[in-house]
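Take a look at the letters that make up each chain.
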Amino acid sequence: MSDDEQEQTVAEDLVVTKYKMGGDIANQALRLVVEAAKPGVSVLSLCEKGDEFITAETGKVFKKEKEMKKGIAFPTSVSVNNCVCHFSPLKSDPDYTLKDGDLVKIDLGVHVDGFIANVAHSFVVGATKENPVRGRKADVVKAAYLCAEAALRIVKPGNQNIQVTEAWNKIAQSFKCTPIEGMLSHQLKQHVIDGEKTIIQNPSDQQRKDHEKAEFEVHEVYAVDVLISSGEGKARDGGLRTTIYKRDPSKQYGLKMKTSRMFFSEVERRFDAMPFTLRAFEDEARARLGVVECAKHELLQPFSVLHEKEGEFVAQFKFTVLLMPNGSHRITSGPFDLEIYKSEHQVEDQELRSLIQSSASRKTQKKKKKKVGHYSKEALCDACG
């Protein structure tokens, strides 16, 4: 976007419509992948299913606007158990087959005209009300879910990003869990998935010093991303192939290899500055070759596959929220049943308990039993203790 172009925000009705369209498609894609995630199903097939659905559905909106870009804003990733994020294998990579009891995190994103709706969701394969989840898996899923519910109520104009960071630390500690160190939630802008304002999780001392404090303002949009671990909260590169990248518009370099130049030209044409998967290229082997030089010279930023220690569990919830004058409006979320997760712990901080039990929307405050997120206020009260 050139300097003389006016930045488009949710102050405009059409922009809100585009965010909501993307949000609806993201929610449908997420539900589709969740419903398909059964024992014996491969992660690769789930990633392909999510991406194919997003591509098909975004192709049906604004059909007359031939120049409008729309599609995947973050490729479908399915990260299991101690895998923290970004696992989205290629056909040539080792796959993973889901088993009963696996803790699964699904992460994906959609954009319509560059307006991004991201969502992530956690669940345990095979869990039902008759077969509930207990122990550390229940602790970490419940902690992450309640962190997301708290953030929905804190991320509003006038509040600061540090308030979210502190709330997440307290909630995670109540469940004997830890937020993944240094993970960031970003402000979203048109065509920008990693905006300037951020919320940091569990910062180290150095990260706390370096991280800029910011106040949330009306008409901003955020992808609020919660990642909670049953372990010490340290995410490491597990050595698996990185398959998701995004172009860094601030970097320039004259690529030497013809394969790299052809690959990068296709990235610019098809994805602009949105994250993409190497799976999206017809010739996967050529893409694997072309990406090397681009990444080496930082034209592309990698989304590495990260892991917690073996035997630990990580849960993730991410939602996209529009900060409107009449209140915060969450446009993405997944199908979650709180009653399936039976933890012995509860939120200990009284202020946070009251916050989570409060309505997240101005419109619903007059209705006594209105659902909050996916769950009734009474259920959230029980969850907090």
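Residues numbered from 1 in each chain as written. Predicted model: local features only at pLDDT ≥ 70, side-chain atom pairs only at ≥ 80, totals over all residues. Heavy atoms only, no water.

**Brief notes about the sheet that holds strand S14 (residues 306–307)**
The sheet built from three strands is open, its strands ordered S2-S14-S10 with antiparallel pairing. With partners counted over all chains shown, the strands left at the sheet margins are strand S2 (83–85) and strand S10 (236–237), one partner each. Taken together, the two bridges between S10 and S14 define a ladder with antiparallel strand orientation. By the bridge assignment for S14, Arg236 is matched with His307. (Pairing = 2+ DSSP bridges. Helix = DSSP H or I, 4+ residues; strand = E, 2+ residues; numbered from the N terminus.)

**Focus: the sheet that holds strand S12 (residues 276–277)**
On the basis of which strands lie adjacent, the open sheet formed by three strands has the order S12-S11-S13 and antiparallel pairing. The sheet is open, and its two borders are formed by S12 and strand S13 (300–303), each paired with just one other strand. The sheet contact formed by strand S11 (residues 244–247) and S13 spans four bridges and is antiparallel. Bridge assignment links Arg247 to a residue of S13, and that residue is Leu300.

**Re the confidence of the model for the protein chain**
Here the protein chain averages 93 in pLDDT, and 92% of its residues register 70 or above. In this model, residues 364–373 is a region of pLDDT below 50 whose contacts with residues beyond four sequence positions or in other chains number 19 contacts. (pLDDT = per-residue confidence, 0-100. Contact = heavy atoms within 4.5 Å.)

**Points about the packing of aromatic side chains**
By the definition in use, this model includes twelve aromatic pairs. Between Tyr145 and Phe336, the aromatic rings sit 4.2 Å apart at their centres with planes inclined by 25°, giving stacked as the arrangement. Here Phe336 lies in the loop between strand S16 (327–330) and strand S17 (341–342) and Tyr145 lies in helix H3 (residues 135–154), a separation of 191 residues in the sequence. Tyr145 gets classed as buried once you look at its relative accessible area, which sits at 4%. Here Phe336 falls in the buried class, since its relative accessible area comes to 8%. An angle of 5° between the planes, with centres 5.3 Å apart, marks the rings of Phe336 and Tyr341 as stacked. (Phe/Tyr/Trp six-rings, centres within 6.5 Å; stacked < 30°, edge-to-face > 60°. Buried < 20%, exposed > 50% of the residue type's maximum accessible area, 1.4 Å probe, protein only.)

**A look at helix H4 (residues 161–174)**
For an α-helix, the turn length of 3.6 residues means that residues three or four places apart are oriented alike. When the terminal C-alpha atoms of H4 are compared, their 21 Å separation across 14 residues agrees well with the 20 Å that a helix rising 1.5 Å per residue should span. In terms of burial, H4 is a largely internal element, ten of the 14 residues being buried. When H4 is considered as a whole, its buried residues turn out to be Asn161, Ile162, Val164, Thr165, Ala167, Trp168, Asn169, Ile171, Ala172 and Ser174. Just beyond H4, the residue with positive phi is Lys176, at close to 55°. (Expected span 1.5 Å × (residues − 1).)

**Topic: the side chain of His111**
In this fold, His111 is placed in strand S3 (residues 103–112). The class of His111 is buried, set by a relative accessible area of 6%. Within polar-contact distance, the side chain of His111 engages the backbone nitrogen of Gly114 at 3.0 Å. Setting aside residues no more than four positions away along its own chain, His111 makes contact with Thr58, Lys69, Lys70, Gly71, Ile72, Ala73, Ile116 and Met274. (Polar contact = N/O pair within 3.5 Å; in protein donor to acceptor, adjacent residues only side chain to side chain.)

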